[in-house]
Amino acid sequence: MTKTVTKQKASPPTSLPKCKTGIPGLDEITGGGLPKGRPTLVCGGAGCGKTLMGIEFLVRGAMLHNEPGVFLAFEETAEELAQNVRSLGFDLDELIEKKKLAVDYIYIERSEIEETGEYDLEGLFIRLGHAIDSIGAKRVVLDTLETLFSGLSNLAILRSELRRLFRWLKEKGVTSVITAERGEGSLTRHGLEEYVSDCVLLLDHRVEGQISTRRLRVVKYRGSAHATNEFPFLIDEGGVSVLPITSLQLQHKASIERVSSGVPALDAMLGGHGFFRGSSVLVSGTAGVGKTSLSCHAADACCQRNERCLYIAFEESEAQLLRNMRSIGLDLEPWVKKGLLRFQVARPTMNGLEMHLASIHKQVEAFQPHLVIVDPITSFLSTGTDTEASSMMVRLVDYLKSHQITALLTNLNHAGSVLEQTSVTISSLIDTWLLLRDIELNGERNRGLYILKSRGMAHSNQIREFLLTENGVQLTEVYLGPEGVLTGSARLSQEAKEKATAVQRSLEIESKRGELARRQQALEAQIAVLQLQFQTDKEEMERDIASEQAYLEKLEQSRHEMARSRKADSNGLPAPTKKGRK
Amino acid sequence: MRQTTTESFEKRVANHSQERYVLCLYVAGLTPRSTLAIERIRAICERYLSGRYELTVIDLYLQPEMARLAQIVVAPTLVKQSPSPKRLFIGDMTDETRILQGLQIVS
């Protein structure tokens, strides 16, 4: 993985002076460029880009750093060379006209040559020296010096002359690039590395699974720290680029700004505000769980904020995506027309991984999006090995992070695979990981969403049911109860059941209340009757008491009267009255 | 009278010993090696091509542009411009047999 590189270009003032190549990425991995005023050997097999790297070193030197250069071509004529690099946007003729570049084609044909004694390569020295002096060149490319070995047979002379040539180049103070063909078991076929020992770059062109990748490695760099890994590099319409090498650093800014996911309920689950800007979000799940729909929501939300979104799709065409999203009530077409949403649709196998990465880079550079969606990243697996795909993703995520671009990646999990695992093993890079999963229950399949992780925010630990409705993605609470987790119609029926039970209960309560009231009424009525009866009894009894008393009084009275009438002695009379005793 | 190719060829073969040689010797400075080469080629020319050769000696240090124009890499280099085919002889011209063979003076 490219991430292990830690050597930086922070160089002490006494360190080797360097000459910037201007080739994107190469200066970073060499810690600032090639050794200034010294020769550098670029070796590699046929067709791996040695000549191109050499010519680009000169062209960029002339254009960016105002350092004229001499190209000594042993294999192609100046016209052929100009023609070959015109497709890369380099106009050699114009540079030659401006005296920024001199191309000298050296022709050696053994069949025309008779060796008649001792000789030296002074002719070459004079030509090179003349070319350097005529334009004040600071850079020299010799492509490919080894042709001399096939043209001249006296190896002893040749070797000593080459040694002299490199010494001479150093004395001239020009930064030179010497290309050489890769040999069997050695860096170069004729052992040029013996003479050029300051800096050696090795180019390689490998085809794996019908997809070719170019790689570059700094084999040796005397007196300087350098990256030691193999770096993929590209040759495209912009020339050579060793890209991206952002993973050399891990110093992203961390934004606290939050951006909506486009699904309010999901924002709520993510601590209420959605994703962090510039974070990497992974949506993983098996086929048909709604990864693309969720991505499109995020795209929609992005465009609603008046920000640009780059959607890299590997599975569906733009038209198909737009149509499908319309079915869930998401119309993305206005955003496309407004220029806020751009689709980049490609077959994954169309390019090698590095080409993909480079084209994403280019798109990002050109479009300056705020959100990049890659749907799905698993497609990269079809174009490379696991390690390559994961290294590429690391660099992509790194690149986007360093530019504060939110990355939304989808990952297709294959049925039966471990869900908490991405196919390209980038989980450790991911800040927010949403997992969409099927929940199979009672003969139906429903979607569930939960947040596996979300760095730096309080997030929900709940599973939500994920619904694709006519109004887009909606998240509902799943049924969590004594019966377990229920989704879909099971949830609905459970909810209905619960509702019915609740209604039943409330009815019962109602009737019990009625009963209570009735009972109270009955009781109160009874109390009233009893009170009435008591009242009646009381009155009756009082009446009785009164009449009894009256009777007693009457009796007394009549006894008195009787006594009076009998004129009886009061002695013989019981209970004499006061009157009688007198 | 129109000559056929065969006739012209036969004529040239017959006149071979009469053909003029145009030679150019490129040297890098007047080093001992250069001097040696100049001396030797002059001697050879005088002995075998007397009266029918033209030898120019060019010092590349004085005319560096000539190195590019004449495609010179090695010094000293003797270029046989005429008769065709063009041949290059490199070195200090000590190997007389090879020179004579290359100049088609002897076979």
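Use the structure listed above.
The sections below set out a description of the structure shown in this document. All figures in this text were calculated on a predicted structure; none of them were measured in a lab.

Cut-offs and rules
- Residues numbered from 1 in each chain as written.
- Chains lettered and ligands numbered in written order.
- Predicted model: local features only at pLDDT ≥ 70, side-chain atom pairs only at ≥ 80, totals over all residues.
- Helix = DSSP H or I, 4+ residues; strand = E, 2+ residues; numbered from the N terminus.
- Buried ≥ 20, exposed ≤ 12 C-beta atoms within 10 Å, placed from the backbone.
- Contact = placed C-beta atoms within 7 Å.
- Pairing = 2+ DSSP bridges.
- Axes fitted to C-alpha atoms, helices over the stretch in contact; angles between N-to-C directions.
- Core = buried A, V, L, I, M, F, W, Y, C linked by C-beta atoms within 7 Å.
- Domains from an automatic or database assignment.
- Expected span 1.5 Å × (residues − 1).

Some thoughts on the overall build of chain A
Reasoning step 1: On a plain count of helices and strands, chain A comes out with 15 helices and 25 strands.
Reasoning step 2: In chain A, which comprises 582 residues, the proportion classed as buried is 43%.
Reasoning step 3: Residue pairs in contact within chain A that sit at least 24 positions apart in sequence constitute 71% of those at least 6 positions apart.

A closer look at the sheet that holds strand S4 (residues 87-90) of chain B
Reasoning step 1: The sheet built from five strands is open, its strands ordered S6(A)-S4(B)-S3(B)-S1(B)-S2(B) with mixed pairing. In the strand order of this sheet, the two ends are held by strand S6 (113-115) of chain A together with strand S2 (53-59) of chain B, each with one partner. Neighbour-to-neighbour, the strand axes of this sheet turn through a mean angle of 20°, independent of strand direction.
Reasoning step 2: Across the sheet, helix H2 (residues 32-48) of chain B touches strand S1 (21-27), S2 and strand S3 (77-82) of chain B, and the angle it forms with S1(B) is around 170°.

With respect to the sheet that holds strand S7 (residues 139-143) of chain A
All names here are of chain A.
Reasoning step 1: Within the open sheet, the nine strands sit side by side as S5-S4-S7-S8-S3-S9-S10-S11-S12. Their pairing is mixed. What marks the edges here is a single partner per strand, and that holds for strand S5 (101-105) and strand S12 (239-241). Mean inter-strand twist for the sheet, computed between neighbouring axes without regard to direction, equals 20°.
Reasoning step 2: As paired elements, strand S3 (residues 39-44) and strand S8 (residues 175-181) share six bridges and run parallel to each other. Across the sheet, the residue bridging to Pro-39 is Ser-176, located in S8.
Reasoning step 3: Helix H2 (residues 50-64) rests against S3, strand S4 (69-73), S5, S7, S8, strand S9 (199-208), strand S11 (230-236) and S12 of the sheet, and its axis sits at about 165° to S7.
Reasoning step 4: Running over the sheet, helix H12 (residues 353-367) touches strand S10 (211-221), S11 and S12 and is turned about 65° from S11.

Examining the nonpolar core
All names here are of chain A.
Reasoning step 1: Leu-72, Ala-299, Cys-309 and Ile-373 are the most contacted members of the largest nonpolar core, which has 159 residues in total.
Reasoning step 2: With eight residues, helix H13 (residues 386-402) is the single largest residue contributor to this core.
Reasoning step 3: Each of domain 1 (2-242) and domain 2 (258-477) gives at least three residues to this core.
Reasoning step 4: The contact partners of Leu-72, leaving out residues within four places of it in the chain, are Asp-104, Ile-106, Leu-128, Val-140, Val-141, Leu-142 and Asp-143.

Topic: the environment of A:Glu388
Residues and elements named next belong to chain A.
Reasoning step 1: The topology assignment puts Glu-388 in helix H13.
Reasoning step 2: Overall, the presence of 21 C-beta atoms within 10 Å leaves Glu-388 in the buried class.
Reasoning step 3: The sequence separation of Glu-388 and Glu-354 amounts to 34 residues, and the corresponding C-alpha distance is 9.3 Å.

Remarks on the interface of chain B and chain A
Reasoning step 1: Between chain B and chain A, the residue contacts involve 29 residues of the former and 20 residues of the latter.
Reasoning step 2: Elements that contribute at least two residues to the side of chain B that touches chain A include exactly helix H3 (64-69), S4 and helix H4 (96-102) of chain B.

Observations regarding the environment of A:Ala313
All names here are of chain A.
Reasoning step 1: Tracing the backbone through its elements, the reader meets Ala-313 in strand S16 (residues 309-313).
Reasoning step 2: As a C-alpha pair, Ala-313 and Ala-346 span 33 residues in sequence and 6.7 Å in three-dimensional space.
Reasoning step 3: The contacts of Ala-313, once residues within four sequence positions are left out, are Leu-321, Phe-343, Val-345 and Asp-375.

Comments concerning H12(A)
All names here are of chain A.
Reasoning step 1: Over its 15 residues, H12 runs 21 Å from end to end, which matches the ideal 21 Å to within 8%, given 1.5 Å per residue.
Reasoning step 2: Residues of H12 that are buried include every one of Leu-353, Glu-354, His-356, Leu-357, Ala-358, Ile-360 and His-361, and no others.
Reasoning step 3: On its buried side, H12 packs onto S10, S11, S12, S16 and H13.
Reasoning step 4: Phi turns positive one or two residues past the end of H12, at Gln-368, with a value near 50°.

Topic: the pairing of strand S22 (residues 464-469) of chain A
Residues and elements named next belong to chain A.
Reasoning step 1: Looking at chain direction, strand S21 (residues 444-454) and S22 are connected through two bridges and run antiparallel. Note that in S22 the partner of Leu-449 across the bridge is Arg-464.
Reasoning step 2: When S22 meets strand S23 (residues 472-477), the two strands line up antiparallel, connected through six bridges. The residue of S23 that forms the bridge with Leu-467 is Gln-474.
Reasoning step 3: Hairpin remark: S22 followed by S23, antiparallel, with two residues in the connecting loop.

What to know about unusual backbone geometry
Reasoning step 1: Backbone torsion omega between A:Asp143 and A:Thr144 reads -15°, so that peptide bond is classified as cis.
Reasoning step 2: Mapped onto the elements, A:Thr144 comes out in the loop between S7 and helix H6 (147-151).
Reasoning step 3: Residue B:Pro83 follows B:Ser82 across a cis peptide bond; omega there is -5°.
Reasoning step 4: As for its placement among the helices and strands, B:Pro83 is situated in the loop between S3 and S4.
Reasoning step 5: The phi torsion at A:Asn66 lies on the positive side, around 55°, for a residue other than glycine.
Reasoning step 6: Positionally, A:Asn66 belongs in the loop between H2 and S4.
Reasoning step 7: Even without being glycine, A:Gln368 reaches a positive phi, approximately 50°.
Reasoning step 8: One can find A:Gln368 in the loop between H12 and strand S18 (371-375).

Quick look at the environment of A:Gly274
Residue and element names in this part refer to chain A.
Reasoning step 1: Following the sequence through the fold, Gly-274 ends up in the loop between helix H8 (264-269) and strand S14 (275-276).
Reasoning step 2: The class for Gly-274 is buried, based on 25 C-beta atoms found within 10 Å.
Reasoning step 3: Taking the C-alpha atoms as reference points, Gly-274 and Thr-432, separated by 158 residues in sequence, lie 10.0 Å from one another.
Reasoning step 4: Those residues within four positions of Gly-274 in sequence are excluded, and the remaining contacts are Arg-258, Val-259, Ser-260, Ser-261 and Asp-267.

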